[in-house]
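Structure at a glance
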Amino acid sequence: MLNSKIPAGPLDQKWTEFKGHCKLVNPANKRKLEVIIIGTGLAGASAASSLGELGYKVKAFCFQDSPRRAHSIAAQGGINAAKNYQNDGDSVFRLFYDTIKGGDYRARESNVHRLAEVSASIIDQCVAQGVPFAREYGGLLSNRSFGGTQVQRTFYAAGQTGQQLLIGAYQSLERQIALGNVEMHNRHEMLDVVVIDGKARGVIVRNLVTGELERHFGHAVLLCSGGYGNVFYLSTNAMGSNVTAAWKAHRKGAHFGNPCFTQIHPTCIPVSGDHQSKLTLMSESLRNDGRIWVPKKQNDTRRANEIPEEERDYYLERRYPAFGNLVPRDVASRAAKERCDAGYGVGSSRQAVYLDYADAIQRYGKGEVNKRNIQGATPELITQLGKEVVKEKYGNLFDMYEKITGENPYEIPMRIYPAVHYTMGGLWVDYELMTSVQGLYALGEANFSDHGANRLGASALMQGLADGYFVIPYTIGNYLADEIRVSNIPTDHPAFVQAEKEVADRIQQLMSIKGSQTVESFHKRLGKIMWDKCGMARSEEGLKQAIEEIRQLKKEFWSDVRIPGSIKEMNPELDKANRVADFIELGELMCIDALNRKESCGGHFREESQTEEGEALRDDANFSYVAAWEYAGEHNWNLHKEELIFEVAKPTQRSYK
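If you're wondering where the values come from, they're calculated on a predicted model, not measured in any experiment. (Residues numbered from 1 in each chain as written. Predicted model: local features only at pLDDT ≥ 70, side-chain atom pairs only at ≥ 80, totals over all residues. Heavy atoms only, no water.)

1. Observations regarding the pairing of strand 1 (residues 34–38)
Of all five residues that make up strand 1, five are buried, and the element is covered over most of its length. Burial along strand 1 is two-sided: Glu 34, Ile 36 and Ile 38 facing one way and Val 35 and Ile 37 facing the other are all buried. Bridge count for strand 1 against strand 2 (residues 57–61) is five bridges, and the pairing is parallel. Across the sheet, Ile 38 pairs through a bridge with Phe 61, a residue of strand 2. Taken together, strand 1, helix 3 (residues 42–54) and strand 2 constitute a β-α-β crossover, and its handedness is right-handed. Relative to strand 10 (residues 220–223), strand 1 runs parallel, the two sharing four bridges. (Buried < 20%, exposed > 50% of the residue type's maximum accessible area, 1.4 Å probe, protein only. Helix = DSSP H or I, 4+ residues; strand = E, 2+ residues; numbered from the N terminus. Pairing = 2+ DSSP bridges. Right-handed = clockwise from strand over helix to strand, strands pointing away.)

Laid out in structure tokens, this is it:
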């Protein structure tokens, strides 16, 4: 039985009650306890700095050459918080409700409410660190809107919010490193968890520069290793982002929650050809002011600026008048796909829609004219002033688009299309963020807990920092209070020796295949299977085909992959092979999970389960649960169900009309 350990009592008092009654570790004992943290993005860096500040001995690992290169740096648009700065009706409850509804009622109420509660503290923490959030003229922090909400609660730093937040967390981490409270290991990748008597007691890592394997002990292990979107090959994730740390934990007993819940982001630069190895995200913040449209005429080959207003279909505004261009990501993505599939797509591939800033430029320009009391302003001046405002708010995003496409988005509408972005699934965790393995925790995107079947924009940064700064410092103490009598276990313990041997044997097996196909070619083929049959739309027939194709791909990989170089050296191809092997196994589980969930919800869209209007049709009677999969050997998993109980946010058919 899964025990989610949700505290008793009213929803809005659960976190307060937990904090008031959880076990504590006194400062002297904290210095005797060692904690291992895998990953140093927002969740990992904030957790490492917080636990180091509390006095724990922390060892942090990242596969990048610096914690500042974690993929959190790529987040652009902003971070949500229920501060109600705009006085537009926002509240902790409204943030909680929007998140539950946005996730299509497939998230755990208690975790989501806690996230909403601590959101305001995150902003205060980051401001104190010096994060340069955008401000209004009078000095107040500025907000903008994101999808799935009718309030402005997104704090931002131009189009580089993730970078600025990560620098803040990194500064805190570096302070703890300088004080000797955190031991930092760059260019190290975790390849196994060491479990002793049912508890996580350490990790096996590979030094990516020398190729040497290392053993490290810890009283607890925190996985902050991000999501698994790169299983699709083409995604907005950094090239190095992978599932390996979480997958090794899964194979050691940690259940995997809702693996099929992946997010397709509607605002990406379209695929331009087979040469691409990743996709570029254009921040959802652009939907705040931009309008999305396609021509009303099918297969229209005219340039965007040649199509008059009356021949444009602002389809999101037409279909969802209450939310318009700010519907949640899954809704916007499916709507774009539907228009393109129906023959209204634009660009050479016909797999794109327009994101247009002409109206916003005029609106801002007129506002500037009024503000400056300019009499008789010419249309050219209005346009110029409007462009200046847009540049201040979104300039680096517009520059990035122009560098990639060669088109000026101030003059010509951007072309966008949905792409894989975020994964709501991840390791199953209880209320305390502990996996089904004692002493093994998962934070941020590595866990499944806060977003249900679809994540609202600007909520990833919120969850990562909430978990690291405000949740784990309390919940880990609840576990470690009973571990203070456990002495450091020597790394020559048989469990460490065995774990290292298994890792070494697998690496040796990979290197000895000496086949004819590159790692990249296998990853591309896996990605195509996943995108075609477990992507924006899924069907029973397609998923069954995908499972068979992935099993065949796995056989081929382990008999014909070619990895150049040797083991005891820096060998990126070997690193990649390790990761792709794990992606192949994960892909199979994702398709099994998607096949088992015979409903549509959020980003999981089963073609057999949709309303007459083509919207996702949930089946609350049969699928209102978290699917927690237990590894049971090759091609085998056991399903455990955590029933979702909604005491406050009663499930209804989502409507953004």
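Next, the rest of the story.
2. Looking at empty space enclosed by the protein
Per the stated rule, a full pass over the model turns up two cavities of 30 Å³ or more. One number sums up the size of the largest cavity: a volume of about 40 Å³. What lines the largest cavity is Ile 264, Asp 330, Ser 333, Arg 334, Met 536, Gly 602 and Gly 603. Of the residues forming the lining of the largest cavity, the biggest block, three residues, is contributed by helix 9 (residues 329–344). Here the lining of the largest cavity is built from residues that sort into two nonpolar, three polar and two charged. Split by domain, the residues of the lining of the largest cavity number at least three in each of domain 2 (264–419) and domain 3 (499–625). Considered as a void within the structure, the second largest cavity measures approximately 30 Å³ in volume. Lining the second largest cavity we find Arg 251, Lys 554, Glu 585, Glu 588, Tyr 631, Gly 633, Glu 634, His 635 and Trp 637. Partitioned by chemical class, the residues of the lining of the second largest cavity number two nonpolar, two polar and five charged. (1 Å grid on protein atoms, 1.4 Å probe; cavity = no way out; pocket = protein on both sides within 12 Å on 5 of 7 lines; lining within 4 Å. Points joined across faces, edges and corners; volume = space filled by probe spheres on them. Nonpolar A, V, L, I, M, F, W, Y, C, P; charged D, E, K, R; others polar. Domains from an automatic or database assignment.)

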